[in-house]
Amino acid sequence: MSVNLRNLCADEYQKIIFEVDKATNNIKNYIKNNNQNTKEFFIQVLSDVKEVCNCWTGKTYVGQSKRQDLKNAYQDFFSNLMKMLLLCKINRNPCENKVAEALLYQGKIYRYLGYGISSNRKKKAIEPNYDGIYVSWSKEPKNGYIESKLYGEMTWIEAEIKSPYFGIDLENMGISRGKEKEVVFPTLKDCVTNIKYIR
């Protein structure tokens, strides 16, 4: 059962969650049947992954928190996608190895925190939340597009993903807003190397 999120509007939350959960269940089935999956099923799972990641970048907005139920659906999706990619990395399957090599990212990443509504421009800068939730990062240290969407004082975070951690490279999946070069990764205290506040 393939996933289709293309025709949904950003506020059709229950339908988006239903489709994201479908993709997550396909990933879980792939993990469960490790080393017994067909190439066709792998291609379908990757197609579902791309569909969900397109929705993640195209139907979520800079500076606006996601609803908790939507956040939970995406968290479950990315957690299981990471498990699958780590399996693909060690399996003796050249096709899986190639995908894992392309999508598992280590290196420098950058993130902005701020308010997407102008009425919040006088509020204090947002502090990083080390809650293990997957969020958007960029391989680029400066992003004029994101800066233009945020009001008031912004928080700029630099981190480095290194062993034992990996991020999920959306740029290598062919999905990224503008020149963002997006990587999906949780905000982990032991990976953060610098924090600045920009007025």
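Above this text you will find the structure in question.
None of these values were measured; they are calculated from a predicted model.

Reading guide: rules and limits
Residues numbered from 1 in each chain as written. Predicted model: local features only at pLDDT ≥ 70, side-chain atom pairs only at ≥ 80, totals over all residues. Heavy atoms only, no water. Core = buried A, V, L, I, M, F, W, Y, C linked by side-chain atoms within 4.5 Å. Buried < 20%, exposed > 50% of the residue type's maximum accessible area, 1.4 Å probe, protein only. Helix = DSSP H or I, 4+ residues; strand = E, 2+ residues; numbered from the N terminus. Contact = heavy atoms within 4.5 Å. Salt bridge = Lys/Arg side-chain N within 4 Å of Asp/Glu carboxyl O.

### Regarding the nonpolar core
So, point 1. In this structure, Tyr-74, Phe-77, Phe-78, Leu-81 and Ile-168 are the most contacted members of the largest nonpolar core, which totals 38 residues.
So, point 2. Those elements that provide at least two residues to this core are helix 1 (13-32), helix 2 (39-58), helix 3 (68-90) and helix 4 (94-103).
So, point 3. With 10 residues, helix 3 is the largest single contributor of residues to this core.
So, point 4. Dropping the residues within four chain positions of it, Leu-81 is found in contact with Ile-27, Val-49 and Ile-168.
So, point 5. Core analysis: the next-biggest nonpolar cluster, separate from the first, contains 13 residues, Tyr-105, Ile-109, Val-183 and Cys-191 among them.

### Topic: the pattern of salt bridges
So, point 1. In total, this model carries 10 salt bridges according to the counting rule given.
So, point 2. Arg-6 is the partner of Glu-51 in a salt bridge, and the nearest nitrogen-oxygen pair spans 3.2 Å. Remark: Arg-6 occurs in the segment before helix 1 and Glu-51 occurs in helix 2; sequence separation between them is 45 residues.
So, point 3. By relative accessible area, Arg-6 is classed as exposed at 61%.
So, point 4. With a shortest N-O distance of 3.3 Å, Glu-19 and Lys-22 are connected by a salt bridge. Placement of the pair is Glu-19 and Lys-22 together in helix 1, with a separation of three residues, close to one helical turn.

Such coordinate-based values are descriptive only and should not be taken to indicate function.
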